[in-house]
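Single-letter residue listing:
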Amino acid sequence: MPDARILTPGRVLLLLALGAALAVALFMTLGARGPWSFVLPFRGTKVAVMLLVAYAIGVSTVLFQTVTNNRILTPGIMGFDWLYMLIQTWTVFVFGSAAVAAFDPRLRFAGEVAVMVAFSVLLFRALFSSGRRSLHQLVLAGVVFGVFFRSLSGFLQRVIDPSEFAILQDRLFASFNRMDTGLLAAAAVAVAGASLVAWRVGHTFDVLALGRERAINLGVDHRRAVSLILVLVAVLVSVSTALVGPVTFFGLMVASLAHLLTGSSRHRVLLPAAVLLGVIGLVGGQMILERVFAFDGNLRVVIEFLGGILFIILLLRGSAR
């Protein structure tokens with residue numbers, strides 16, 4: 001029988017691409033004042049950061065849900081954001097804010113990526129490589145590790161110097177108005193490297209989505225593939241958090257909408273759909289906040305509010321694989 005869907009996955013991707021291009025064009029030109037030689041590079045840098053963040057969050061979330069076989073879990077829900085906050089707090093606590101600010105941002109970024117990769121591999125391999133777990137066990141594990149990281153970070157923040165704490169606060173919360181554009185080149189290189197590795201092993205994604213037992217029966221080295229994908233997820237999450245800070249529920253939103261709009265479980269469809277939805281959400285949302293509300297709002301707050309509602313709905317409905 002012919003496909004009854006009016007919007008096939010290909011058409012959905014085309015519409016999302018047009019929507020993302022429109023959002024970028026409006027962000028670059030709407031309300032522009034002053035010479036274009038200044039406006040375009042200034043806004044173009046912000047767009048480049050948001051594109052990298054949308055790509056990193058979209059791809060990392062879809063791949064993470066693939067290896068966990070669960071559409072409700074994201075790296076943020078499993079404690080990644082609090083791990084990032086712990087790293088930031090520990091570095092300021094040990095070295096001081098002045099010394100941290102004097103570090104080469106690229107070396108600091110490389111160190112953060114290395115630590116997050118090491119922690120994530122140890123944490124997530126212990127959780128997911130030994131077999132299938134129920135949704136409640138997985139969420140509980142994420143909450144426990146998140147509380148541990150948060151408690152340790154909170155303890156360090158209480159004993160830190162008050163002036164150091166005031167500086168630390170600016171680094172701990174996501175902001176799309178204050179982006180670390182100095183890391184743009186290093187982040188782009190990290191994303192390009194992770195994308196190249198993901199492209200080389202992309203043929204295993206759809207097989208891994210079938211589950212651990214079926215993937216092994218079909219000849220996939222499940223443990224190696226999962227370990228490699230978790231490293232890629234850690235790198236991509238490190239890129240997004242280093243550029244704008246932690247955003248817990250944004251990945252859940254774009255991944256869930258990608259599944260809903262495309263109606264496909266193929267990664268060649270889901271991955272670009274999640275990235276394009278991320279671009280529309282970040283660039284379009286930031287454009288509305290800047291042009292309509294004149295910065296009288298925080299995009300992170302809106303994302304976390306809507307994403308939190310979606311997480312509760314999915315959890316109540318048991319939308320897990």
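Below, the structure is looked at part by part. (Residues numbered from 1 in each chain as written. Predicted model: local features only at pLDDT ≥ 70, side-chain atom pairs only at ≥ 80, totals over all residues. Heavy atoms only, no water.)

## A few points about the overall build of the protein
Convention followed: Only DSSP runs of H or I reaching four residues or more are called helices, and only runs of E reaching two or more are called strands; each is numbered from the N terminus. Buried means the residue's accessible area, taken with a 1.4 Å probe over protein chains only, is under 20% of the maximum for its type, while exposed means over 50%, and partly exposed covers the values in between. By the convention used here, residues are in contact when the closest approach between their heavy atoms is within 4.5 Å. Surface accessibility in these figures is a Shrake-Rupley result with a 1.4 Å probe; residues are shielded only by whichever protein chains are displayed.
If you tally the helices and strands in the protein, you get 14 helices and zero strands. Out of the 321 residues in the protein, the part that is buried amounts to 51%. Within the protein, counting contacts between residues at least 6 apart in sequence, those at least 24 apart form 80% of the total. When the accessible surface of the protein is totalled, it reaches about 15500 Å², and 68% of it is carbon and sulfur.

## A word on the environment of F311
Its place among the elements puts F311 in helix α14 (residues 299-317). On the basis of relative accessible area, F311 is assigned to the buried category, the value being 13%. In sequence terms F311 and I72 are 239 residues apart; their C-alpha atoms lie 7.1 Å from each other.

## Observations concerning helix α11 (residues 222-244)
What counts is decided by this rule: The length a helix should cover is 1.5 Å for every residue beyond the first.
Under the 1.5 Å per step criterion, the end-to-end length of α11 is 33 Å for 23 residues, consistent within 8% with the ideal 33 Å. The element α11 is largely enclosed, with a buried count of 19 among its 23 residues. A positive phi of about 100° marks G245, the residue just after α11.

## Things to note about the nonpolar core
Going by this rule: By nonpolar core we mean a set of buried residues, namely Ala, Val, Leu, Ile, Met, Phe, Trp, Tyr and Cys, connected to one another through side-chain atoms within 4.5 Å.
In terms of nonpolar packing, the biggest core is built from 87 residues, with F109, L243 and L282 touching the most fellow members. With 14 residues, the top contributor of residues to this core is α11. Among all residues touching F109, those that are not within four sequence positions of it are L183, A186, A187, A190, S238, V239 and A242.

## Quick word on the packing of aromatic side chains
Rules: To pair, rings of Phe, Tyr and Trp, with the six-membered ring standing in for Trp, must have centres within 6.5 Å; the planes then decide the type, stacked if under 30 degrees apart, edge-to-face if over 60, and tilted in the middle.
Applying the stated rule across the entire model yields two aromatic pairs. A centroid spacing of 5.7 Å and a plane angle of 55° characterise the contact between F148 and F149, whose relative ring orientation is tilted. By relative accessible area, F149 is classed as buried at 6%.

## Re helix α13 (residues 267-292)
Taking 1.5 Å per residue as the helical rise, α13 with its 26 residues ought to reach 38 Å, and the 36 Å between its terminal C-alpha atoms agrees with that figure. Across the 26 residues that make up α13, a large majority, 19, are buried.

## Thoughts on a nonpolar patch on the surface
How we decide: Residues forming no salt bridge and having over 30% relative accessible area are the ones grouped into patches, like charges within 9 Å of each other and nonpolar side chains (Val, Leu, Ile, Met, Phe, Trp, Tyr) within 5 Å. Take a side-chain nitrogen of Lys or Arg and a carboxyl oxygen of Asp or Glu: if they are within 4 Å of each other, that pair is a salt bridge.
Taken together, W90, F93, V94, F95, F103, F148, L152, F155 and V159 make up a surface patch of nonpolar side chains, about 860 Å² in accessible area. Listed by contribution, the elements that provide at least two residues to the nonpolar patch are α3 (80-95) and α6 (135-159). Within the secondary structure, F103 sits in the loop between α4 (97-102) and α5 (105-128).

## Looking at the packing of helix α1 (residues 9-29) against α13
Counted only if it meets this: A fitted line through C-alpha atoms serves as each axis, taken over the contacting stretch for helices, and the angle formed by two N-to-C directions is quoted from 0 to 180°. Each angle receives one of four descriptions, namely roughly parallel if under 35 degrees, roughly antiparallel if over 145, roughly perpendicular if within 65 to 115, and oblique otherwise. Handedness of each helix crossing follows the sense of rotation of the near helix against the far helix: counterclockwise by less than a right angle gives left-handed, clockwise gives right-handed.
The contact between α1 and α13 brings their axes to 9 Å, and the two run at 30°. As judged from the angle between their axes, α1 and α13 are roughly parallel. Taken as a pair, α1 and α13 cross one another with a handedness that is left-handed.

## Comments concerning the packing of helix α12 (residues 250-262) against α13
Helix packing for two helices is described by the angle between their axes and how far apart those axes are. For clarity, the cut-off: Amino acids outside the nonpolar list (Ala, Val, Leu, Ile, Met, Phe, Trp, Tyr, Cys, Pro) and the charged list (Asp, Glu, Lys, Arg) are all regarded as polar, and Gly is one of them.
Packing of α12 against α13 leaves a shortest axis separation of 8 Å and a crossing angle of 125°. Our classification of the angle between α12 and α13 gives oblique. Of the two possible hands of crossing, α12 and α13 adopt the one that is right-handed. Residues F250, V254, L257, A258, H259, L261 and T262 of α12 form the contact with α13, whose own contacting residues are V269, L270, A273, A274, L277, G278 and L282. The residue makeup of the contact of α12 with α13, split by class, is 11 nonpolar, three polar and no charged.

## As for the side chain of T262
The criterion, for reference: Two N or O atoms form a polar contact when they lie within 3.5 Å of each other; inside protein one atom must be a possible hydrogen donor and the other a possible acceptor, and for residues adjacent in sequence the pair counts only when both atoms belong to side chains.
For T262, the location among the structural elements is in helix α12. Looking at T262, the relative accessible area reads 0%, which means it is buried. Reaching out from T262, the side chain makes a polar contact with the backbone oxygen of A258 at a distance of 2.6 Å.

## Points about the environment of L86
Note that L86 resides in helix α3. Apart from residues lying up to four places away in sequence, L86 is in contact with F149, L152, S153 and L156.

## Some thoughts on the environment of H203
Residue position: H203 is located in the loop between α8 (184-200) and α9 (205-208). Counting along the chain gives 65 residues from H203 to R268, while the straight-line C-alpha distance between them is 9.6 Å. A distance of 3.5 Å separates a polar side-chain atom of H203 from the backbone oxygen of R200.

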